[in-house]
Each structure stands twice: as C-alpha cells, then as structure tokens.
Amino acid sequence: MRVTPCQAALAGAISLNLLFLYCAWRGPGGAPASCRPPRGIPGVTVLLRDFEDFENDLAGTARSFASLPVPVLVAAETAPYPPVPLPAGVSLLPLRPAADRPPPLAHPELHVRTRHVALVPDGTRAVPGLLERMRDALEEGDGDTRLVAAPVGSVPLRCLELQLEPRAWTARYGPGAPGVCRAVEGTAVLLLRTRDLFALPFPLARPVPTALFVQAAFRGWGLRVMPVAFPAARRPPVSPHGRWKTENLAETRRRRLMRDLGIKREVLADGRERWYGCGKETARCFGTVHARTPQYLLAGRWTPPCCLRALRETARHVAGTLEAAGVRYWLEGGSLLGAARLGDIIPWDYDVDLGIYREDVGKCRWLAAAAAGEPVEDAEGFLWEKAAEGDFYRVHYSRSNRLHVDLWPFYPRGGVMTKDTWLGHPQDVEFPESFLQPLVPMPFAGFTAMAPNNARAFLELKFGPGAIENPEYPNPAVKRL
C-alpha cells in the first residue's frame, strides 16, 4: 500500500503525542531519562503563581528574581492579559491543556529540573542568598519538616496550628504552639522539595498557601518559619474596581479549592467560621440515598456539617410550628437515639424523624395543605409536602435543598400506636401509647423538643438492648461503624 506524505506526517504526529502521553503517565521518578528531565539538579526554581491579570507586579517580581542565578517560571492557566513583558529567560507555563499544544506543556513538573522550588507571591523582591538559606533550613530540619516559609514585607508571619477532621469535612486553625507550625498567616515565600510539591494532588491550586498548608497537614508535614524577610514592592493602591474583582476571584478560588480538598467548614483562629457546603439556594451535598447508606459513608466520611446545620434549623422550625399549632409530636427513631446519646443529630444521620398524632394534622395549615396533595412553601422558605413513598409528610429545608424532616402520622388502636406506612426500617414497629402520655421535653439539636417519657425503653423496643450505648450506621449490612 502506498503511503502519502500527508499520511506519514499524520502518523508521525500521532506517535509523538503518544510518546508524550506515555512520559506523563509514568509519573515522577518512573519515566525513562530520555523523555523526562531529571529532578536532581541542585538549585531552586522560582514559580510565580499567585497574581491577578488585571493589576499585578508580575514583570517587576520576575525581573527581580531573574537577576539571581535561579530559573524563574510563571505558571498560569493562560497567558496574562493584558500582556505582561516578561524579562529574558523567564518562561511562561500554561497550565490549561489546549488542543494545539503537546500534552507535556500542561504538566509543569516536566519543566522544573531543580531539587527545590519556591512559590513566590506577586510583589516580592529578591534577596541574594535568602532562597539558599531557606533550602539549607529545609535540608537541616527533621524529617517532618517539608515546608519553609519566609515573610514578605515588614509584617511578621503568625504561626498557626492546623487540624484536619476529614470525617467531619472540617479544617480548624489555632495559635501555633512553640515549635509547632502547620500554617502561617501573612504573605510568605514558600519553599519545598520539587518532588514533594508535585507529589501533591493539587500542587498549584490557588490560593497557593492555603492549598499547600492543607495538603501538607493531611500528610503530617511540618513547616519552619524563617526570621529574615523578603522586601515587598512599593505598589500604587489597588483601584476600587480592582479590589472588588480581587475579592470575588479570591472567594471563587477558595470555594473551588475547598471543594477539591473535601472541606466544607473552616474554623479560623479567632473563632470565626467559613462555610463552603450547601445552603438554601443550592442542592444538598449528597444525592439519593440507597439502602439507608449515603455515599459519603462509603467514602469514610460523616454527614457534611452544612447539612447538619440545615437539618438542625429545619427541625427547630418544624417543632416550633407544630407546637404553635397544637400538634402533638415526638422525636422518633434515629433522631430520638441522637437526642438520648448526644443531645443532637447523630453525626452520620441524613434526616430527622418526628412522630405526630394523625388526628392533629388538620391543626397545622402547612400539614393540612400537604395532606391535600399540595406542596406548600411557608413564610420562611421551608417546603411542606406529602411523601411520594407513602402516608407521611416531609418538610424540606428549601425547594432547592431537599434536606428534610420526616413527619410520621401515628394513631392509637387498642392502646397501641400504629401507622399505615411501613418502610421496613428497624425502628418501624408499633409501640404502647403510654410512652406518649405524657410527652416530656428533651434537649435536641440546639433546642428543646418533645420526646417519649421513657426514651431508653422506647429505643430498646425499637432497636434492641444497648441501642444508646452501641452506636451503629443505619444499615450495618452495607457499612459498619
């Protein structure tokens, strides 16, 4: 078969791209020397990553560090716009893949050949020998020290402790104890080994300091703070429009980063909190639950804190509405179990269960509307409706966010409380009405709810002996605690 020059060129291009993909697939330390440059060259590469396109000191920062005998790279999704005149010898690394570029250009680790790399914030000025001092401090430290930070400007860095609670989707910051530092507050140059940086799943995510500190804390890496600072450039004040854009971009990047890192709540050193999960205007953080086992349980996590917060708010609202209308209700199933065990929702529960007297449904306008088959949104945005699965009701956090409280209508028959819909849950059993005569107050989820008068006996009837003392996931056949 005759091969045309065009076919030969196409075959060659495909072969070259396959070689590039193979090199990238092999990963750090596993590729042949012929297609992956070595990482063992002594020295420090400067990476400029944290800057804004519209107002920056990128040219000045690059020029300052390019005057040192170190390679300088600018890493960005695309080339800065407006264009920035980079000094000779400073390379731009486009991070976003493009159809007209070979794949390795989307892998910045292929372009860092030195043993160490420094992530330098915009507006920093170089100091001869300081990068080398940081490198020496890293190599002379103990085995846990993997990051070295040096302040930029006259404000010293504040050392912070950082504790991660992956199961609770939470990161907690606090004052760092002497010699214990997992993060810093303030503008800093961060230096680490190249192999460590590119072994992280998100090596150049923004904001860079937060991304590195959290990923380092997951791995137990220590951080050392240098006493010597890099100078900060004198820059004109940022325009009001530029400040607005910067703040909005910073919030967007931080939310994207926290989503990627699996963090939905930050507790700051001053006690303030940042939330990144679901709210009234969003969908909830998890999809349809199968076999009473949410997907996050299979991933080794518990209910996201934003979902627990929304459940607490919904439960408080529903209980207050029922009480105001004269509807008799009580904590049911796992919600009563959480109240008896913790005074709160069980950390891995995904809804709240309340029992109600069926004959009281008409006393509450929202329940009456739901019973008539009309989903109705109350004045505070909670959605009341009849459940599709049977004869019971649901109150959702909002139309968008379907976190909910289930209301189970029971009625007495010969002194025994029964209902018309049974879903086969362990707690789905009849019980003597005497447990509800009288109902008693019980602390739950930040408010006082009504509960059966003998919670232990009620729970052991439904879940078996020792139910309070022996926690278990909703469906142990699928996932055990």
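Residues numbered from 1 in each chain as written. Predicted model: local features only at pLDDT ≥ 70, side-chain atom pairs only at ≥ 80, totals over all residues. Heavy atoms only, no water.

- The name given to the protein chain in an unreviewed UniProt entry is Ribitol-5-phosphate transferase, and the organism recorded there is Fregata magnificens.
- Turning to the protein chain, the UniProt annotation filed under Sequence similarities (unreviewed entry) states: "Belongs to the LicD transferase family." (UniProt positions renumbered as here; feature names shortened; annotations may be inferred.)

## So, unusual backbone geometry
For residues besides glycine, phi is generally negative; the peptide bonds are generally trans as well.
Now for step 1: Tyr-81 connects to Pro-82 through a cis peptide bond whose omega is 5 degrees.
Now for step 2: Locating Pro-82 in the fold gives a position in the loop between strand 2 (72-76) and strand 3 (91-94).
Now for step 3: A cis geometry characterises the amide bond from Gln-437 onward to Pro-438, with omega recorded as 5 degrees.
Now for step 4: The residue Pro-438 is located in the loop between strand 20 (431-432) and strand 21 (440-444) in this model.
Now for step 5: A positive phi angle is found at Arg-292, which is not glycine, with a value near 55 degrees.
Now for step 6: What makes Arg-292 partly exposed here is its relative accessible area of 23%. (Helix = DSSP H or I, 4+ residues; strand = E, 2+ residues; numbered from the N terminus. Buried < 20%, exposed > 50% of the residue type's maximum accessible area, 1.4 Å probe, protein only.)

## Brief notes about the sheet that holds strand 2
Now for step 1: What the seven strands build is an open sheet, ordered 3-2-1-4-9-5-10; its pairing is mixed. Because the sheet does not close on itself, it has two edges, and the strands there are strand 3 and strand 10 (222-225). On average, each strand axis in the sheet is tilted by 25 degrees relative to the strand beside it, whichever way the strands run.
Now for step 2: Summarising the sheet, strand 5 (residues 145-151) and strand 9 (residues 188-193) pair through four bridges and their orientation is antiparallel. Residue pairing across strands places Ala-149 opposite Leu-190, the latter belonging to strand 9. (Pairing = 2+ DSSP bridges. Axes fitted to C-alpha atoms, helices over the stretch in contact; angles between N-to-C directions.)

## What about helix 6 (residues 240-261)?
Now for step 1: With 22 residues, helix 6 ought to run about 32 Å at 1.5 Å a step, and its terminal C-alpha atoms sit 31 Å apart, in line with that.
Now for step 2: Every buried residue of helix 6 is listed here: Gly-242, Arg-253, Arg-254, Leu-257, Met-258 and Leu-261. All buried residues of helix 6 lie within an arc of 130 degrees about the axis, which places them on one face of the element. Residues of helix 6 that are exposed and angled more than 90 degrees away from the buried face: Pro-240, Trp-244 and Arg-259.
Now for step 3: Each element contacted by the buried residues of helix 6 is listed here: helix 5 (208-218), strand 11 (265-267) and strand 12 (273-275).
Now for step 4: At the C-terminal side of helix 6, Gly-262 shows a positive phi close to 75 degrees. (Expected span 1.5 Å × (residues − 1). Arc of directions from axis to C-beta. Contact = heavy atoms within 4.5 Å.)

## Some thoughts on the environment of Val-84
Now for step 1: Structurally, Val-84 is set in the loop between strand 2 and strand 3.
Now for step 2: Between the alpha carbons of Val-84 and Leu-110 there is a distance of 24 Å; along the sequence they are 26 residues apart.
Now for step 3: Discounting chain neighbours no more than four positions away, the residues touching Val-84 are Asn-56, Leu-58 and Ala-59.

## With respect to the environment of Tyr-411
Now for step 1: Tracing the backbone through its elements, the reader meets Tyr-411 in strand 18 (residues 404-413).
Now for step 2: The sequence separation of Tyr-411 and Ala-216 amounts to 195 residues, and the corresponding C-alpha distance is 56 Å.
Now for step 3: Not counting the four nearest positions on each side in its chain, Tyr-411 is found in contact with Arg-358, Val-416, Met-417, Thr-418, Lys-419 and Asp-420.
Now for step 4: Polar contacts involving the side chain of Tyr-411 include one to the side chain of Asp-420, which spans 2.7 Å. (Polar contact = N/O pair within 3.5 Å; in protein donor to acceptor, adjacent residues only side chain to side chain.)

## Thoughts on the pattern of salt bridges
Now for step 1: In this structure the tally under the stated criterion is 32 salt bridges.
Now for step 2: A salt bridge links Glu-430 to Arg-413; the nearest nitrogen and oxygen atoms lie 3.4 Å apart. One end of the pair, Glu-430, is in the loop between strand 19 (416-418) and strand 20; the other, Arg-413, is in strand 18, with 17 residues separating them in the sequence.
Now for step 3: A salt bridge links Arg-456 to Glu-460, with the nearest nitrogen and oxygen atoms 3.6 Å apart. In this pair, Arg-456 and Glu-460 are both assigned in helix 11 (residues 455-463), four residues apart and thus about one turn of the helix distant.
Now for step 4: The exposure class assigned to Glu-460 is partly exposed, which follows from its relative accessible area of 28%. (Salt bridge = Lys/Arg side-chain N within 4 Å of Asp/Glu carboxyl O.)

## Some remarks on the environment of Glu-161
Now for step 1: The topology assignment puts Glu-161 in strand 6 (residues 158-165).
Now for step 2: Counting along the chain gives 89 residues from Glu-161 to Ala-250, while the straight-line C-alpha distance between them is 23 Å.
Now for step 3: Once residues lying within four places of it in the same chain are set aside, the contact partners of Glu-161 are Arg-172, Tyr-173, Gly-174, Pro-175, Gly-176, Val-180 and Arg-182.

## Quick look at the domain arrangement of the protein chain
Now for step 1: Partitioning the protein chain into domains gives domain 1 (41-225) and domain 2 (299-463).
Now for step 2: Computed over C-alpha atoms only, the centres of domain 1 and domain 2 are separated by 50 Å.
Now for step 3: With five residues of domain 1 in contact, the opposing surface of domain 2 contributes six residues.
Now for step 4: For the pair domain 1 and domain 2, the summed buried area comes to about 550 Å², and 61% of that belongs to carbon and sulfur atoms.
Now for step 5: Along the contact surface separating domain 1 from domain 2 lie zero salt bridges.
Now for step 6: Here domain 1 and domain 2 share three residue pairs in polar contact (both at pLDDT 80 or more) between them. (Domains from an automatic or database assignment. Buried area = accessible area lost by both parts, 1.4 Å probe.)

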